[in-house]
Amino acid sequence: MPTGGQPLAGSLFPDGPDDIALNLFDRFSLQGAPDKHIVSLSSGELRKLLVIRALCASPEILVIDNPFVGLDKESRGELSDMLGELARGGKVQFILLIPDPGEIPGWVDMVLPVRRMEVLPPLPAAGFRDDHRLRDELFPPVGETGNIPGPLIPAGDDYRTVALLDGVTVKYGDKTVLDGVDWEVLRGEKWALLGPNGSGKSTLLSLLYGDNPQAYANRITLFDRRCGTGESIWDIKRRIGFLNSDIHSFYLKDITAIEVVLSGFYDTVGLYSAGTDGHLAAAREWLDAFGAGHLTDRKFVRLSFGEQRLVMLARTFVKRPPVLILDEPMHGLDAGMRERAKKIIEEYSGKYAVTLIYVTHYRGEIPRVVDKVKRLGR
């Protein structure tokens, strides 16, 4: 596993990137990547690099789980074109694990459907695309989510501005991640934060959530209070329901799904308090809302990635926060579960005065309640 402080060339390519790798770097607009550190890469950039490393091994068969997750539209097209060229040339046989039929590349010629742990007979991709009955069976319509409660807002919790960024700049060494960013998010507003891989979206969100110390080297105001004036990081976090890939990946302990959800009340990774009966009831309700009630007592590390994502979404909502910051929350979800999660996000943030900041590379995934857009990068 690559380490954060190690240069890319020494971690992913111990013998140094060869000509094939350097050519792939160019195709993916990753020039200069061998000299960068893993910690300075976005999740999308790292995804590209892992695919490049796999291709450089010259495999006869390459299995890729969720090949396009975390990639912006341009990068998805580049990766699909590249894999298609290799597949048509007969150099590599690809097996792609796809949770959404809309993401099946046009060059794929066969589909192997899997339904409730049952492997169905393979069929041509064209036939699968035309078989709407089978697709409905694999990805059933959204079920009832129940009554979604509104946020819990403590008495006296009065603020006008959720976040105010004034010329914010973030650098890691000689790499500038954010350069003079201005942005104001008012209470109750609904934003989409958009930009290509590497544009600094995740870094910006880490500033808002209190997880990045460079917040104190910039002019940032959170909940009407300037960062660095004595505020508690826990006062920031208690108001925010936050989900990104980093938080998900931190859950490596062998605890149950409901314990993961309960940890959302304390904004901790792992559970260090048993929780009240009310907390337990709320955790079960949110698992049920996301269609994951059957996972309650199962070990989190033994769940599929998509099942884990549903549990993490329940964790995000369980304390009923007045602010939601969701960084590509649909990763790993199949088409039906994406619609279910989107419906909950829309109802929770649209029905109540909830502030929403939503990051995605899929325009169709943006909740309908969003009416403001902030763009980063080119």
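These numbers were taken from a predicted model, which means no experiment stands behind them. (Residues numbered from 1 in each chain as written. Predicted model: local features only at pLDDT ≥ 70, side-chain atom pairs only at ≥ 80, totals over all residues. Heavy atoms only, no water.)

So what about the pattern of salt bridges? Which residues, and what values?
In total, this model carries 16 salt bridges according to the counting rule given. Here aspartate 235 ties to arginine 238 by a salt bridge, and the two come within 3.6 Å at their closest N and O atoms. Aspartate 235 gets classed as partly exposed once you look at its relative accessible area, which sits at 37%. The exposure class of arginine 238 is partly exposed, given its relative accessible area of 35%. Between arginine 302 and aspartate 254 there is a salt bridge whose closest N-O contact spans 3.0 Å. (Salt bridge = Lys/Arg side-chain N within 4 Å of Asp/Glu carboxyl O. Buried < 20%, exposed > 50% of the residue type's maximum accessible area, 1.4 Å probe, protein only.)

I'd like a rundown of the packing of helix α12 (residues 305–317) against helix α13 (residues 335–351), residues and numbers included.
Here α12 crosses α13 at 5°, and the two axes come no closer than 12 Å. Classified by the interaxial angle, the pair formed by α12 and α13 is roughly parallel. Packed against α12, whose contacting residues are Leu310, Leu313 and Phe317, the element α13 presents Met337, Ala341, Ile344, Ile345 and Tyr348 at the interface. (Axes fitted to C-alpha atoms, helices over the stretch in contact; angles between N-to-C directions. Helix = DSSP H or I, 4+ residues; strand = E, 2+ residues; numbered from the N terminus. Parallel < 35°, antiparallel > 145°, perpendicular 65-115°, else oblique. Contact = heavy atoms within 4.5 Å.)

Got a sec to walk through the side chain of glutamate 365? Specific residues and values, please.
Among the secondary structure elements, glutamate 365 is positioned in the loop between β14 (355–359) and β15 (372–375). Among the polar contacts made by the side chain of glutamate 365, one reaches the side chain of tyrosine 358 at a distance of 2.8 Å. Sequence-distant contacts of glutamate 365, that is, excluding residues within four places in its chain, are made with Pro329, Met330, Lys342, Tyr358 and Thr360. (Polar contact = N/O pair within 3.5 Å; in protein donor to acceptor, adjacent residues only side chain to side chain.)

Which residues make up the sheet that holds strand β7 (residues 161–172), and what are the values?
Pairing between the strands of a sheet is mediated by backbone hydrogen bonds and can be parallel or antiparallel. Pairing within the open sheet is antiparallel, and its four strands lie in the order β8-β7-β10-β11. The open sheet has two free edges, formed respectively by β8 (175–186) and β11 (225–226), since each of these has just one partner strand. In this structure, β7 lies alongside β8, joined through eight bridges in antiparallel fashion. Paired with lysine 171 across the two strands is threonine 176, which belongs to β8. (Pairing = 2+ DSSP bridges.)

So what about a nonpolar patch on the surface? Which residues, and what values?
Together, Ile61, Val63, Ile95 and Leu97 line one region of the surface with nonpolar side chains, adding up to about 340 Å² of accessible area. Every element with two or more residues in the nonpolar patch is listed here: β1 (61–65) and β2 (93–97). For isoleucine 95, the position within the fold is in strand β2. (Patch = residues over 30% accessible without salt bridge, like charges linked within 9 Å, V, L, I, M, F, W, Y side chains within 5 Å. Areas by Shrake-Rupley, 256 points an atom, 1.4 Å probe, with all protein chains shown as cover.)

An account of the side chain of arginine 239 is requested, with residue identities and associated values reported.
Summarising the element assignment, arginine 239 is placed in the loop between α8 (233–237) and β12 (240–243). Here arginine 239 falls in the buried class, since its relative accessible area comes to 13%. Looking at arginine 239, its side chain comes within polar contact range of the main-chain oxygen of aspartate 235, at 3.3 Å. When sequence neighbours within four positions are dropped, the list of residues in contact with arginine 239 reads Asp157, Tyr159, Phe223, Pro321, Pro322 and Val323.

How would you summarise the sheet that holds strand β9 (residues 190–194) if you had to cite specific residues and measurements?
Pairing in this open sheet of five strands is parallel, and the strands run β12-β13-β14-β9-β15 from one edge to the other. Two strands bound the open sheet, and with one partner strand each, they are β12 and β15. Each strand of the sheet is rotated relative to its neighbour by a mean of 15°, with strand direction disregarded. Against the sheet, α13 engages β9, β13 (323–327) and β14, with an angle of about 145° to β14.

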